Amino acid sequence: MHRESLVIVTPALAQANNGNWQTAQRWARLLRPAYRVCLAAQWQAGDEGSLLIALHARRSAASLEAWRAAHPARPAVLVLTGTDLYRDIASDASAQRSLELADALVVLNELGPLGLPEALRAKTRVVLQSCAERAPLAHTRRHLRALMVGHLRDEKDPRTFWRAARRLAQRPDIRLDHIGTALDPALGAEAAALAAARPQFRWLGGLAHAATRRHIQAAHVLVHASRMEGGAHVVIEAIRSGTPVLASRIDGNLGLLGQAYEGVFDPGDDAALATLIARARDDADMLPRLTAQLAPRAALFAPEAERAALHRLIAELTTA
């Protein structure tokens, strides 16, 4: 049986192990065996493919240009993954050109279309990412463990979490862990210094995905302090593990958690975050209430839902 071939272009391949790579790899898996899928860092004239899926407006701009020049009639999908949606398209000419070249735009959270010019929203689709469901692990009552997962870089705003940890220094019943590789060496030095100075704070560095998921399952609460996000997979993993979330009040988070979700704080507001973490320890009703708010959303992030959304999108474009 003949299968159509798709090309997924992602700015970073396996060695980067970042969000774009994880999304591209998962989509390739979900689209097989219905399609032949090729993963590439860029697309060049002469490469095969009946449809192009390009991640990140700025970083994949050259691939979109080359595809459109070689195949004016073949469909191209642009996936807006975070910094491009909430920063680059406002000022970067190549990112803006990518928006024009794509036949369809994909955003990864329910509020993502609001980040685009109104004229482009008609060709925009929401595809929520997914992961396997996990049961929460047993939680100790001796202390509360708050976990942040995110590589150490400015967009993830780890300093807000660290300042909150300092505010909670007199609470030995509250432990704070941070998982993430030091992509910024200066931030790595700060994390190491904080861990040395505050016994209740641990910087665990970069961990394998399976180990990270176990930490999410075991945490009482996940903290996600980012300044900008397209749709953080770690938030989805927390929801699918029954772990409540404390997150910055940005569209990329609210578009996953729901606009009425209570466990949010203004970006950069470490005092508010520290207060929420303390309440999570002191108010016996808080975490069960947040868990109950997230429980109905868990099915939105099931692999079968993401697979169905991808197949609908491709069918729409290839039969148009």
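Reading guide: rules and limits
- Residues numbered from 1 in each chain as written.
- Predicted model: local features only at pLDDT ≥ 70, side-chain atom pairs only at ≥ 80, totals over all residues.
- Heavy atoms only, no water.
- Helix = DSSP H or I, 4+ residues; strand = E, 2+ residues; numbered from the N terminus.
- Rg over C-alpha atoms; globule rule 2.2 N^0.38 Å.
- Buried < 20%, exposed > 50% of the residue type's maximum accessible area, 1.4 Å probe, protein only.
- Contact = heavy atoms within 4.5 Å.
- Areas by Shrake-Rupley, 256 points an atom, 1.4 Å probe, with all protein chains shown as cover.
- Lys, Arg positive; Asp, Glu negative; His and termini not counted.
- Charge placed at Lys NZ, Arg CZ, Asp CG, Glu CD.
- Phe/Tyr/Trp six-rings, centres within 6.5 Å; stacked < 30°, edge-to-face > 60°.
- Core = buried A, V, L, I, M, F, W, Y, C linked by side-chain atoms within 4.5 Å.
- Pairing = 2+ DSSP bridges.
- Axes fitted to C-alpha atoms, helices over the stretch in contact; angles between N-to-C directions.

Caption draft 1: The arrangement of the overall build of the chain in detail. The number of helices and strands found in the chain is twelve helices and twelve strands. Compactness check: the chain gives a C-alpha radius of gyration of 20 Å against a globular reference of 20 Å for 320 residues, within 12% of the reference. Each principal axis of the C-alpha distribution contributes one length, and for the chain these read about 65 × 40 × 35 Å. Buried residues in the chain amount to 53% of all 320 residues. Restricting the contact set of the chain to residue pairs at least 6 apart, pairs at least 24 apart contribute 71%. Of the roughly 13,700 Å² of accessible surface on the chain, a fraction of 52% belongs to carbon and sulfur atoms. The average position of the 39 basic charges and that of the 32 acidic charges among the side chains of the chain differ by 6 Å.

Caption draft 2: Broad picture of the packing of aromatic side chains. In this structure the tally under the stated criterion is two aromatic pairs. Centre to centre, the rings of W43 and W67 are 5.2 Å apart; their planes meet at 75 degrees, and the pair counts as edge-to-face. In this pair, W43 sits in the loop between β2 (36-40) and β3 (51-55) while W67 sits in helix α2 (residues 61-70), placing the two residues 24 residues apart along the sequence. The exposure classification of W43 matches that of W67, with both residues buried.

Caption draft 3: Looking closely at the nonpolar core. In terms of nonpolar packing, the biggest core is built from 54 residues, with F161, L246 and I277 touching the most fellow members. When residues of this core are assigned to their parent elements, the largest contribution, six residues, is made by helix α10 (residues 270-282). In this view, L246 contacts V221, L222, V223, H224, G263, F265, L273, L276, I277, M286 and L290; residues no more than four positions away in its chain are not counted. By size, the runner-up hydrophobic cluster in this structure holds 23 residues, among which are I8, L31, A104 and A309.

Caption draft 4: Highlighting the sheet that holds β2. Pairing is parallel across the open sheet formed by six strands, whose spatial order is β2-β1-β3-β4-β5-β6. The open sheet has two edge strands with one neighbour each: β2 and β6 (124-126). Across the sheet, the axes of successive neighbouring strands diverge by a mean angle of 20 degrees, strand direction being ignored. Looking at chain direction, strand β4 (residues 76-80) and strand β5 (residues 104-107) are connected through four bridges and run parallel. Across the sheet, the residue bridging to V79 is V106, located in β5.

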